[in-house]
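Fold and geometry: a report
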Amino acid sequence: NMLWAYGVRRIYGIKGGYKGVVSPDEWVKLTPEIVRDIHTQGGTTLVSDRGNPPVQDMAKVLQEKGVRQYFVLGGDGTHKGAMQTFDACLEIGHEC
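Residues numbered from 1 in each chain as written. Predicted model: local features only at pLDDT ≥ 70, side-chain atom pairs only at ≥ 80, totals over all residues. Heavy atoms only, no water.

Across residues other than glycine, the phi torsion is negative in most instances, and most of the peptide bonds are trans. In the Ramachandran plot, Val-47 falls in the positive-phi region, its phi being about 60° despite a non-glycine side chain. Position of Val-47 among the secondary structure elements: in the loop between α3 (32-35) and α4 (55-64). Overall, Val-47 belongs to the partly exposed group, its relative accessible area being 45%. (Helix = DSSP H or I, 4+ residues; strand = E, 2+ residues; numbered from the N terminus. Buried < 20%, exposed > 50% of the residue type's maximum accessible area, 1.4 Å probe, protein only.)

Put into structure tokens, the structure is as follows:
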């Protein structure tokens, strides 16, 4: 498995967009078995949503969970939010 070759040990899917970031108990661990046939399910498995909690709150959760890489899918607003979250992570000394 290529993920192991690159040192990736855990991948989480976050349901509900940015709102889901601050609810880590609801994150979904994505394993090869879980995503193997995901393309046949249709729709959005992780459920999209609008609205953002404070970026400082998201940064704190990402730090607490030890998230080192954070990927988002979306448009300009989504990526603007990702940059704001990244900046908030740097402010608290978390390299993400």
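Now that the structure has been shown, we can carry on.
A few words on the side chain of His-94. Position of His-94 among the secondary structure elements: in the segment after α5 (76-91). A distance of 2.7 Å separates a polar atom in the side chain of His-94 from the backbone oxygen of Val-67. Those residues in contact with His-94, other than ones at most four positions away along the chain, are Leu-62, Gln-63, Val-67 and Cys-89. (Polar contact = N/O pair within 3.5 Å; in protein donor to acceptor, adjacent residues only side chain to side chain. Contact = heavy atoms within 4.5 Å.)

For the rest of this paragraph, the subject is the layout of surface pockets. Taken as a whole, the largest pocket spans an internal volume of roughly 1300 Å³. Taken together, 35 residues make up the lining of the largest pocket; nearest its centre are Tyr-12, Ile-14, Tyr-70, Phe-71 and Val-72. Those elements giving two or more residues to the lining of the largest pocket turn out to be β1 (12-13) and α2 (18-21). Residues belonging to the lining of the largest pocket are distributed by class as follows: 18 nonpolar, 11 polar and 6 charged. (1 Å grid on protein atoms, 1.4 Å probe; cavity = no way out; pocket = protein on both sides within 12 Å on 5 of 7 lines; lining within 4 Å. Points joined across faces, edges and corners; volume = space filled by probe spheres on them. Nonpolar A, V, L, I, M, F, W, Y, C, P; charged D, E, K, R; others polar.)

With that settled, the discussion passes to the confidence of the model for the chain. If pLDDT is low for a region, its predicted coordinates should not be looked at in detail. On average, residues of the chain score 90 in pLDDT, and 99% of them reach the 70 mark or higher. Ranking the elements of the chain by mean pLDDT puts helix α1 (residues 2-5) last with 79 and α4 first with 97. (pLDDT = per-residue confidence, 0-100.)

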